[in-house]
Amino acid sequence: MPRTAGAAAVEPAPDVRARILDTASRLFYERGVRAVGVDLVVLEAAVAKTSLYRHFPTKDDLIVAFLEREDLEFWGHWDSVAEQFPDDPAGELDAHMRWIGERLARSNYRGCPQINVAAEFAEQDHPARLVSLRHMHALRGRLLKIAQRMDVAQPDQLAAQLAVLVNGAFVSSGLLGPDEATGVLRAALKALLAGARTGQG
């Protein structure tokens, strides 16, 4: 049906929600979630505040949506790498260290969103911390499954060590030059696997 003359175009709700989340995600990652208020998100997304609250009733809801989307992106990439090594757990781990190292070397890298947000909230039951905690448990769980496919005496211990390696890299990216991260991660992985295989982990 033709639009009535002078009638304002109504933007589909999914597009509005996506633009709000895109804008908030960029601002949260660049500046930190506590430093970004909903007024700034509304301004930069060019939406009405009522539109933001229609899709995200509270700022916490917006933060959780940001983290959950980051979570999906991270695990989507993880799975795309994992499926290339169905019978080679050591090769899979090495490939993970490669892409994580490449991520750390990006010029706009500001750390792991999950870790960053968890550090901003002291409340253990804050919704954002809970999302971050689930991410951390998922990481260790996935690493454990890989370790269990290897010839090591203590897969639980290896998984814990690998989780510390990955999370430590995320929070230590500022200590590494752009060309160092991948090499450091792969060398540390090699040492951990050698120790695990000889029972010296």
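Reading the values: the criteria
- Position numbers for residues start from 1 in each chain and track the written sequence from start to end.
- Where totals are concerned, whole chains, interfaces and linings use all residues; where local detail is concerned, this predicted model gives features only for residues with pLDDT of at least 70, and gives and counts side-chain atom pairs only at 80 or more.
- Based on all heavy atoms of the structure, the side-chain values leave hydrogens and waters out of the count.
- Scored between 0 and 100, pLDDT is the confidence that the predictor attaches to each residue.
- Here a strand is any run of E in DSSP of at least two residues, a helix any run of H or I of at least four, and the numbering for each starts at the N terminus.
- We call two residues contacting when some pair of their heavy atoms lies within 4.5 Å.
- The pocket and cavity definitions rest on a 1 Å grid over protein atoms only: a 1.4 Å probe that fits but cannot leave marks a cavity, an open set with protein on both sides within 12 Å along at least five of seven lines marks a pocket, and residues lining either have an atom within 4 Å of a point.
- Grid points are joined across faces, edges and corners, and a volume is the space filled by probe spheres set on the points.
- Only Asp, Glu, Lys and Arg are considered charged in this grouping, and only Ala, Val, Leu, Ile, Met, Phe, Trp, Tyr, Cys and Pro are considered nonpolar; every other residue, Gly among them, is considered polar.
- An axis is simply a line fitted to the C-alpha atoms; with a helix, the fit covers only the stretch in contact. Between two such axes, the angle follows the N-to-C directions and lies from 0 to 180 degrees.
- Angles are sorted into four bins: roughly parallel if under 35 degrees, roughly antiparallel if over 145, roughly perpendicular if 65 to 115, and oblique for all others.
- Two helices crossing with the near one rotated counterclockwise from the far one by less than a right angle form a left-handed crossing, whereas a clockwise rotation gives a right-handed crossing.

Colleague: Mind showing me how you'd approach the confidence of the model for the protein chain here?
Modeller: When pLDDT drops low, the exact placement of atoms in the prediction is not to be read closely. Summing up the model confidence of the protein chain, the mean pLDDT is 90 and the portion of residues at 70 or higher is 93%. The secondary-structure element of the protein chain with the lowest mean pLDDT is helix H6 (residues 113–120), recorded at 92, while helix H2 (residues 38–45) shows the highest, at 97. Long-range and interchain partners of residues 1–9, a stretch whose pLDDT sits below 50, account for three contacts in this model, where long-range means more than four residues apart.

Colleague: Is there a simple way to explain the layout of surface pockets in this structure?
Modeller: In this approach, a probe sized like a water molecule rolls over the atoms, and the result shows the empty space that is left. The calculated volume of the largest pocket comes to roughly 310 Å³. Together, 18 residues line the largest pocket, and Tyr 29, Glu 70, Arg 103, Arg 106 and Pro 113 are the ones closest to its centre. Going through the elements one at a time, helix H1 (13–31), helix H4 (59–82) and H6 are the ones with two or more residues in the lining of the largest pocket. Element by element, the count of residues in the lining of the largest pocket is highest for H1, at four residues. Of the residues assigned to the lining of the largest pocket, the class counts are six nonpolar, five polar and seven charged.

Colleague: Teacher, can you tell me more about the packing of helix H8 (residues 155–171) against helix H9 (residues 181–197) here?
Modeller: Axis angle and axis distance: for two packed helices, these are the angle between their axes and the distance between the axes, and together they describe the pair. Where H8 contacts H9, the axes come no closer than 11 Å and their chain directions differ by 165 degrees. Considering their axes alone, H8 and H9 lie roughly antiparallel with respect to each other. Like other packed secondary-structure pairs, H8 and H9 cross with a definite hand, here right-handed. Contact residues: H8 offers Leu 158, Gln 161, Leu 162, Leu 165 and Ala 169, while H9 offers Leu 185, Ala 188, Leu 189, Leu 192, Leu 193 and Ala 196. Taken together, the residues that form the contact of H8 with H9 break down as 10 nonpolar, one polar and no charged.

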